Protein chains: 2
Amino acid sequence: MAFPPDATLSDAGEFGLIGALTALFDQPEDVLVGPGDDAAVLRVRSGHVVVSTDLMVEGRHFRRDWASAEDVGHRAAAQNLSDVNAMGGRATALTIGLAAPADLPAQWALDLARGFADECRPLGATVVGGDLARADEVVIAVTVLGACTVAPVLRSGARPGDVLALCGRQGWAAGGLAVLGRGFRSPRVLVEAYRRPDPPYDAGRIAAEAGATAMIDVSDGLVADAGHLAADSGVAIDVRTAGFEVPEPLQAVGAALGADPLQFILGGGDDHALLATFAEADVPEGWQVIGAVADGEGVTVDGAPYEGPSGWTHF
Amino acid sequence: MAFPPDATLSDAGEFGLIGALTALFDQPEDVLVGPGDDAAVLRVRSGHVVVSTDLMVEGRHFRRDWASAEDVGHRAAAQNLSDVNAMGGRATALTIGLAAPADLPAQWALDLARGFADECRPLGATVVGGDLARADEVVIAVTVLGACTVAPVLRSGARPGDVLALCGRQGWAAGGLAVLGRGFRSPRVLVEAYRRPDPPYDAGRIAAEAGATAMIDVSDGLVADAGHLAADSGVAIDVRTAGFEVPEPLQAVGAALGADPLQFILGGGDDHALLATFAEADVPEGWQVIGAVADGEGVTVDGAPYEGPSGWTHF
């Protein structure tokens, strides 16, 4: 379904909009009750449920001129699906709360939902419920539910002697964001990496099965998130930059903007790569060793305190 | 923990604030992993999970000058707990997304969380995760998870010949809101009903066990929500006002404001009463028969179309 191009949320009306939005989401067999009742009801096969919530606020987490509504949907979904990935689990169901001005184009909301559905579909996850409310700015609140087939991997299990390993693209989205921030639109591969992250969705489960001792998804920044692992595990972590290859597009952006391209990798957080610790022999294929765990506390980079941007903070 | 009275969210800082907030929430045994990791992990005993999401936006769903932060916490929790109640279930866990300006008093956020925790505690439910983000206005996004011990009661099961029944206070909060809207603070019992709803939290499960055929919580307004039951069940519903006693404080407010007090009952939605249909012999104690289900479609009041306010719409 589509609304006329100039129709706003207000024109579409709450119930018309909800009908059009919910039609975009497949409802697989394990969704016993889908959208439209007081609550959804899901079959849970594993005896537990993994749950996480994230907010995205226009102007802070996205800009409508930097990413299409579909891109924002992909990013919002990826950010949440990735939280389940970081526990070693599989996402099953999501809810979306959309607070938005009455003059938001109805098509923007539909495109957002379409991006969301497309990001979820390959994982077998879907949107089972949500809420709409009027607000001065666009706020997208997502909750994801999931399941683990092995014990969830927490942030707190890293042990001295473990190695630190990374899976997935890292720094690409930060490079793309830096490019957009200067008013450019290329290198396209980085801008696209920002607009549509490509998290390693299978890697969390594989890492859990391989015996990962601690895991986190990189959302605050690689060094900042290594810091969360170190703090929660009561250990020291040294990130070793020799472990990174700096991809060519990041080198190009660094040169163009006069920045050290390594800073995109160490400080960036929008790719939703996974960071985990393992006994050295347990590191699965596709993971890159980028550091080591020792007795102590805090994070160092190549043995020295990190002087770069300290990662994303909200307040 | 308390922050200095003049400390803002910005002063408290994201991590300090999260620590102070999460300390307010008990974590019972079925919370395998509580706040602080990429996701929470809950034990699920019933093989399914009930899930619902609601948004509350400052200026639309609450005003900081009309209700304290603790009241807003109670209301936000009640609104969500009630959605599980309306399925015939028991709420177990909630997540809260709080988007707020950097200059919001940190104590406001703590008081909100305290109200939330206090509303959840008697039910054995708790907050297991959440997110904080900076925004221009306060938006509270809540997701509730729960379980049913019998089959969930949907909106779609009402049958011609059933009776319509109501459980819980209805219209009191709307009366309180009308009073506040005129700048008054009394009758206190109505203002308090608006600030701290008192939903009949056990009634949903009892109704489900008694064989309720359809159920909804009154949040859009009694007639509007009866309309949802009628539409989803493919039946006609007649609300019979002879079934209502108009409580004295509502009579007083009606007289003072020159309004028909019955309109608060028919149009109000903030008490989170339950509306359900039953075979006449199945109506449990504590429920009041207020109407009848027949072949046809739509809602009538005393056999005639309803001319009053049509209930809450967001856009």
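Residues numbered from 1 in each chain as written. Chains lettered and ligands numbered in written order. Predicted model: local features only at pLDDT ≥ 70, side-chain atom pairs only at ≥ 80, totals over all residues. Heavy atoms only, no water.

Within an unreviewed UniProt entry, the label attached to chain A reads Thiamine-monophosphate kinase, and the organism entered is Nocardioides taihuensis. Under the heading Catalytic activity (unreviewed entry), UniProt records this for chain A: "thiamine phosphate + ATP = thiamine diphosphate + ADP". In its Sequence similarities (unreviewed entry) section, the UniProt record describing chain A reads: "Belongs to the thiamine-monophosphate kinase family." (UniProt positions renumbered as here; feature names shortened; annotations may be inferred.)

Undergrad: Sorry if this is basic, but what is going on with the interface of chain A and chain B here?
TA: As a measure of interface size, the accessible area lost when the parts come together is often cited. Taken residue by residue, the interface counts 63 residues in chain A and 63 residues in chain B. Regarding the contact of chain A and chain B, the summed buried area is about 5,200 Å², with carbon and sulfur atoms giving 61% of it. Taken together, chain A and chain B are joined by six salt bridges. Here D136(B) ties to R60(A) by a salt bridge, and the two come within 3.4 Å at their closest N and O atoms. Here chain A and chain B share 25 residue pairs in polar contact (both at pLDDT 80 or more) between them. Tallying contributions element by element places strand β3 (residues 48-57) of chain A first for the side of chain A that touches chain B, with nine residues. Classifying every residue of the side of chain A that touches chain B by side-chain character gives 34 nonpolar, 14 polar and 15 charged. Both strand β2 (residues 40-43) of chain A and strand β3 (residues 48-57) of chain B contribute to a ladder of four bridges, which runs antiparallel. Residue pairing in the sheet places R43(A) in a bridge with H48(B) of β3(B). (Contact = heavy atoms within 4.5 Å. Buried area = accessible area lost by both parts, 1.4 Å probe. Salt bridge = Lys/Arg side-chain N within 4 Å of Asp/Glu carboxyl O. Polar contact = N/O pair within 3.5 Å; in protein donor to acceptor, adjacent residues only side chain to side chain. Helix = DSSP H or I, 4+ residues; strand = E, 2+ residues; numbered from the N terminus. Nonpolar A, V, L, I, M, F, W, Y, C, P; charged D, E, K, R; others polar. Pairing = 2+ DSSP bridges.)

Undergrad: Just checking my understanding: could you explain helix α8 (residues 222-233) of chain B for this structure?
TA: All names here are of chain B. For α8, built from twelve residues, the straight-helix expectation of 16 Å at 1.5 Å per residue is met to within 8% by its first-to-last C-alpha distance of 16 Å. Of all twelve residues making up α8, nine are buried, and the element is well covered by its neighbours. Among the residues trailing α8, G234 stands out with phi positive, at a value near 70°. (Expected span 1.5 Å × (residues − 1). Buried < 20%, exposed > 50% of the residue type's maximum accessible area, 1.4 Å probe, protein only.)

Undergrad: How should the packing of aromatic side chains be read in this particular structure?
TA: Two aromatic rings, taken as a pair, are described by how far apart their centres are and by the angle between their planes. A full pass over the atoms with the stated rule returns four aromatic pairs over all chains. Each ring, one from F62(B) and one from W108(B), has its centre 6.1 Å from the other, and the planes form 25°; the classification is stacked. Of this pair, F62(B) sits in the loop between β3 and α3 (69-85) while W108(B) is found in helix α4 (residues 106-120), placing the two residues 46 residues apart along the sequence. Residues F62(B) and W108(B) agree in their burial class; the two are buried. Sitting over the ring of W108(A), R64(A) keeps its end group 5.7 Å from the ring centre. (Phe/Tyr/Trp six-rings, centres within 6.5 Å; stacked < 30°, edge-to-face > 60°. Lys NZ or Arg CZ within 6 Å of the ring centre and 35° of its normal.)

Undergrad: Can you walk me through the pairing of strand β6 (residues 139-147) of chain A in this structure?
TA: Two faces, one strand: in a regular strand the side chains alternate between the faces of the sheet. All names here are of chain A. Counting buried residues in β6 gives nine out of nine residues, a clear majority hidden from the surface. Neither face of β6 is open: one carries V139, A141, T143, L145 and A147, the other I140, V142, V144 and G146, and all of them are buried. In this structure, β3 lies alongside β6, joined through eight bridges in antiparallel fashion. Within the sheet, the bridge partner assigned to V51 lies in β6 and is L145.

Undergrad: Looking at this model, I keep getting lost on the side chain of D220(A). Mind explaining?
TA: Structurally, D220(A) is set in the loop between β8 (214-217) and α8 (222-233). Polar side-chain contacts of D220(A) include one of 3.0 Å to the side chain of H228(A).

Undergrad: Sorry if this is basic, but what is going on with the UniProt feature "binding site: Mg(2+) 4" (unreviewed entry) in chain A here?
TA: In the UniProt entry, the feature "binding site: Mg(2+) 4" (unreviewed entry) is given for D38(A), S52(A) and D83(A). Taken together, the annotated residues stretch across 46 residues and extend over separate regions, lying up to 26.1 Å apart by C-alpha. Position of D38(A) relative to the elements: it lies in the loop between β1 (31-33) and β2. Residue class for D38(A) comes out buried when judged on its relative accessible area of 5%. Excluding its chain neighbours within four sequence positions, the residues that come into contact with D38(A) are S52(B), D83(B), A86(B), M87(B), R155(B), M215(B), I216(B) and D217(B). Those residues within four positions of S52(A) in sequence are excluded, and the remaining contacts are N80(A), D83(A), V142(A), T143(A), V144(A), D38(B) and A39(B). Engagement of the side chain of S52(A) in a polar contact is seen with the side chain of D83(A), the distance being 3.4 Å.

Undergrad: Which parts of the structure should I look at to understand the environment of G183(A)?
TA: Residues and elements named next belong to chain A. Note that G183 resides in the loop between α5 (172-181) and α6 (188-195). Its relative accessible area of 57% is what places G183 among the exposed residues. Measuring from C-alpha to C-alpha, the distance between G183 and P197 comes to 20 Å, with 14 residues separating the pair along the chain.

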